[in-house]
Amino acid sequence: MKKILIIMHDMIPSYKHALVFAERFVLTVFFLFAACICPHAKAGAVFSQTPDVIEHIRIPLWAELDAYPGLAEAQDTSAGIFDYSSARLKTLAPFIIGGMVHGWNFSYTPSDKLRSVEEYIDFSPIRELGEAEQNITYAKPWIENGKVYCWAEFTRTASMIGNYYLWASITNDTVHGIGYGKISDGFDGIRDAVRDAIKDAVRAYFRTKIKNKPKEIRGRVLLRREPLIGIDAGRYKVQLDFFLETDKILPYTQF
């Protein structure tokens, strides 16, 4: 019986052996990756597949499995299979969650052809997550269409929850923006897309509020829903919903 089994095994073409080995190797490495990025996840644990943003933030995020060829990370021949995607997720999650917990300051200058002024916007964190970043967890990673997905989770403190409800009060309007960034720029491309989305939202909002173009508008935004991050026509496309708070509107003193 042992001889028959050995003969049948030997009859399997070598390329099939290679394929089976490759599949097992990828699955093994992926489970090791999952253990690294989700060290506290338990086998068989049930995770909600519904995004949440108030008390317990739970949002789906993704990163490319491989770095764009022009990026420095793509030249690192010593990197493991999931090193790039793992690092990207651990950079993207604090950036987005920071925008949901504390928000961003912005300074917007509308374009003005008569004054030869080009449209411009800049943004920065109202406050960094700091040590709270260590409380972000990454659950249920999966691979699909050349991307590594996972659920990024973060539980707000009582003061963070209070801050959210303060933003959600009727004194702050809600706005929506869409932005684009270059895939070739890696994470900076997503950051540029977020900046573009803030600009799109601020521009659309104040066009209905201000008759004469101001010199500058300063304010703050807080992400109020999970972001939609995708790829459209070879560019990152980011769709964001914000609460908006106006700080100052600076008019031109003369034409």
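Residues numbered from 1 in each chain as written. Predicted model: local features only at pLDDT ≥ 70, side-chain atom pairs only at ≥ 80, totals over all residues. Heavy atoms only, no water.

Engineer: Mind showing me how you'd approach the overall build of the protein chain here?
Structural biologist: Each helix and strand in the protein chain was counted, giving five helices and nine strands. Reading the secondary structure of the protein chain in the N-to-C direction produces α-α-β-α-β-β-β-β-α-β-α-β-β-β. Out of the 255 residues belonging to the protein chain, those deemed buried represent 39%. Long-range contacts, defined as pairs at least 24 residues apart, comprise 71% of the intrachain contacts of the protein chain with a sequence gap of at least 6. For the protein chain, the exposed surface amounts to about 15300 Å²; the carbon and sulfur share of it is 55%. (Helix = DSSP H or I, 4+ residues; strand = E, 2+ residues; numbered from the N terminus. Buried < 20%, exposed > 50% of the residue type's maximum accessible area, 1.4 Å probe, protein only. Contact = heavy atoms within 4.5 Å. Areas by Shrake-Rupley, 256 points an atom, 1.4 Å probe, with all protein chains shown as cover.)

Engineer: Even after reading the chapter, I still don't get the packing of helix 3 (residues 83-101) against helix 5 (residues 187-207), so can you show me in this structure?
Structural biologist: In contact at an axis separation of 11 Å, helix 3 and helix 5 are set at 20° when each is read in the N-to-C sense. With respect to their mutual orientation, helix 3 and helix 5 come out roughly parallel. Both helix 3 and helix 5 take part in a crossing whose hand is right-handed. Residues Arg88, Thr91, Leu92 and Phe95 of helix 3 form the contact with helix 5, whose participating residues are Phe187, Ile190, Arg191 and Val194. Taken together, the residues that form the contact of helix 3 with helix 5 break down as five nonpolar, one polar and two charged. (Axes fitted to C-alpha atoms, helices over the stretch in contact; angles between N-to-C directions. Parallel < 35°, antiparallel > 145°, perpendicular 65-115°, else oblique. Left-handed = near helix turned anticlockwise from the far one by under 90°. Nonpolar A, V, L, I, M, F, W, Y, C, P; charged D, E, K, R; others polar.)

Engineer: Is there a simple way to explain the pattern of salt bridges in this structure?
Structural biologist: For side chains bearing opposite charge, pairing can occur when the charged atoms are close. Evaluation of the coordinates by the stated rule reveals ten salt bridges. Among the salt bridges present, the one from Arg218 reaches Glu216, with a minimum N-O distance of 3.0 Å. Close ionic contact of Arg220 with Glu245 constitutes a salt bridge, the shortest N to O distance being 2.6 Å. You can see Arg220 sitting in strand 7 (residues 216-223) and its partner Glu245 sitting in strand 9 (residues 235-250), a full 25 residues away along the chain. The class of Glu245 is partly exposed, set by a relative accessible area of 26%. Within the structure, one salt-bridge network assembled from shared partners comprises Glu119, Asp196, Lys199, Asp200 and Arg203. (Salt bridge = Lys/Arg side-chain N within 4 Å of Asp/Glu carboxyl O.)

Engineer: Would you mind going over helix 3 with me for this structure?
Structural biologist: Side chains three or four residues apart in an α-helix point the same way, a direct result of the helix having 3.6 residues per turn. When the terminal C-alpha atoms of helix 3 are compared, their 27 Å separation across 19 residues agrees well with the 27 Å that a helix rising 1.5 Å per residue should span. The element helix 3 is extensively covered by neighbouring structure, given that 15 of its 19 residues are classed as buried. Backbone geometry just after helix 3 places Gly103 at a positive phi near 90°. (Expected span 1.5 Å × (residues − 1).)

Engineer: Is there a simple way to explain the packing of aromatic side chains in this structure?
Structural biologist: Geometry of an aromatic ring pair is reported as the spacing of the ring centres plus the angle between the planes. Under the counting rule described, the total for this entry stands at nine aromatic pairs. Centre to centre, the rings of Trp142 and Tyr149 are 5.2 Å apart; their planes meet at 10°, and the pair counts as stacked. Here Tyr164 and Tyr165 contribute two aromatic rings whose centre-to-centre distance is 5.6 Å and whose plane-to-plane angle is 80°, an arrangement assigned as edge-to-face. Given a relative accessible area of 8%, Tyr164 falls into the buried group. On the basis of relative accessibility, which here comes to 46%, the residue Tyr165 falls in the partly exposed class. Over the ring of Trp62 we find Lys147, and its NZ or CZ is 5.2 Å from the ring centre. For the cation-ring pair, Arg224 lies above Phe243, with the distance from its terminal atom to the ring centre recorded as 5.8 Å. (Phe/Tyr/Trp six-rings, centres within 6.5 Å; stacked < 30°, edge-to-face > 60°. Lys NZ or Arg CZ within 6 Å of the ring centre and 35° of its normal.)

Engineer: Help me understand the sheet that holds strand 5 (residues 147-155) in this model?
Structural biologist: Backbone hydrogen bonds hold the strands of a sheet together, and the pairing may be parallel or antiparallel. Spatial strand order, 1-5-4: three strands in an open sheet with antiparallel pairing. With one partner strand each, in any of the chains shown, strand 1 (56-64) and strand 4 (137-144) form the two edges of the open sheet. Averaged over all pairs of adjacent strands, the angle between their axes in this sheet comes to 20°, without regard to strand direction. Relative to strand 5, strand 4 is paired through six bridges, and the arrangement is antiparallel. The partner of Glu144 across the bridge, within strand 5, is Lys147. The sheet contacts of helix 3 involve strand 1, strand 4 and strand 5, and relative to strand 1 the element is tilted by about 140°. (Pairing = 2+ DSSP bridges.)

Engineer: What's the story with the side chain of His102 in this structure? I'm lost.
Structural biologist: Here His102 lies in the loop between helix 3 and strand 2 (104-109). When its relative accessible area of 12% is taken as the criterion, His102 is described as buried. What His102 contacts, discounting residues up to four positions off in sequence, is Ile126, Arg127, Glu128, Leu129, Met160 and Leu222.

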